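# Residue-level structural notes
Below are the chains, spelled out letter by letter.
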Amino acid sequence: MSNKFDITKLEKLNHPGRLEDINPEYIWTSIEAKNRKTIADIGAGTGLFDKEFSRLSPESKIIALDISPTMIEWMNANVIPSFPNINTMLMAESQIPLADASVDVAIMINLHHELSDEIALLKECYRILASGGKIAICDWKKKETPKGPPLEIRFEPEEVKAQLISVGFKNIRIFDELKNNWLVTGQK
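### Observations regarding the packing of aromatic side chains
- In the structure shown here, the tally under the stated rule is three aromatic pairs.
- Between Tyr26 and Phe175 the ring centres are 6.4 Å apart and the planes differ by 80°, which places this aromatic pair in the edge-to-face class. Note that Tyr26 is positioned in helix H2 (residues 24-30) and Phe175 in strand E6 (residues 170-175), a separation of 149 residues in sequence.
- Here Trp28 and Phe53 contribute two aromatic rings whose centre-to-centre distance is 5.2 Å and whose plane-to-plane angle is 25°, an arrangement assigned as stacked. Of this pair, Trp28 sits in helix H2 while Phe53 sits in helix H3 (residues 48-56), and the two are 25 residues apart along the sequence. Phe53 matches Trp28 in its accessibility class, with the two residues each being buried.
- Lying across the ring of Tyr126, Lys188 places its NZ or CZ 4.9 Å from the centre.

### Concerning the sheet that holds strand E1 (residues 38-42)
- An order of E3-E2-E1-E4-E5-E7-E6 is seen for the seven strands of this open sheet, with the pairing classed as mixed. The two strands at the open ends of the sheet, each matched to only one other strand, are strand E3 (86-90) and E6. The sheet shows a mean angle of 15° between the axes of neighbouring strands, direction not considered.
- Note that E1 and strand E2 (residues 61-66) share five bridges and pair parallel. Pairing of Asp41 across the sheet is with Ala64, part of E2.
- Packed onto the sheet, H3 meets E1, E2, E3 and strand E4 (103-109) and runs at close to 175° relative to E2.
- Against the sheet, helix H5 (residues 118-128) makes contact with E1, E4 and strand E5 (129-140), and its axis sits at roughly 145° relative to E5, the strand it touches most.

### Remarks on the pairing of E4
- In terms of burial, E4 is largely enclosed, as six of its seven residues are buried.
- Two strands pair when backbone bridges link them, and E1 and E4 are joined in this way by three bridges, in the parallel orientation. For Ile39, the partnering residue across the bridge sits in E4 and is Val105.
- Relative to E5, E4 is paired through six bridges, and the arrangement is parallel. In the strand pairing of E5, Val105 is matched with Lys134.
- The handedness of the E4 to E5 crossover, carried by H5, is right-handed.

### Some remarks on the pairing of E2
- With five of six residues buried, E2 is to be regarded as a mostly interior element.
- In this structure, E2 lies alongside E3, joined through five bridges in parallel fashion. Bridging across to E3, Ile62 finds its partner in Ile86.
- Between the parallel pair E2 and E3, the chain is carried across by helix H4 (residues 69-78), and the sense of this crossover is right-handed.

Basis of the calculations
Residues numbered from 1 in each chain as written. Predicted model: local features only at pLDDT ≥ 70, side-chain atom pairs only at ≥ 80, totals over all residues. Heavy atoms only, no water. Phe/Tyr/Trp six-rings, centres within 6.5 Å; stacked < 30°, edge-to-face > 60°. Helix = DSSP H or I, 4+ residues; strand = E, 2+ residues; numbered from the N terminus. Buried < 20%, exposed > 50% of the residue type's maximum accessible area, 1.4 Å probe, protein only. Lys NZ or Arg CZ within 6 Å of the ring centre and 35° of its normal. Pairing = 2+ DSSP bridges. Axes fitted to C-alpha atoms, helices over the stretch in contact; angles between N-to-C directions. Contact = heavy atoms within 4.5 Å. Right-handed = clockwise from strand over helix to strand, strands pointing away.

Set out below in structure tokens:
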């Protein structure tokens, strides 16, 4: 069984309740994203959060990356026409097609539990981040929640903190105020 999101349930990603569960402004504030010029959203899905990040920072360039051509096509048809500062890009799970040190912020929302090699992707995030750049990983708490993936594929935030440290990130912070999710941030 794959841990990947079932793209036939794509519309589920656009449910406005997701923005109530994980307020984009909460993430934005936690990573002090203001004045960050280039943001990479890894595993962007339908770009729901990117639209909100665009509203929070219309002068930023937002790169919405996903491994699914279906998601990229959907964003190109439904998001990009109204949000010119969002660009889409197809990626492989452990390969981000961006230059070294080209991004100020890397964000992953409800993606970590889907990865087959977390360390490989975190190394890629480290590579693409500029010096002082921030990473934000938000995922499901490892407890019973009304929705979300099976418990056995979820992570504790301390596990993600250890993974970030192992690839060189520093100033790791864990935020646990969200009802069903945690947020872990770090800096290159």
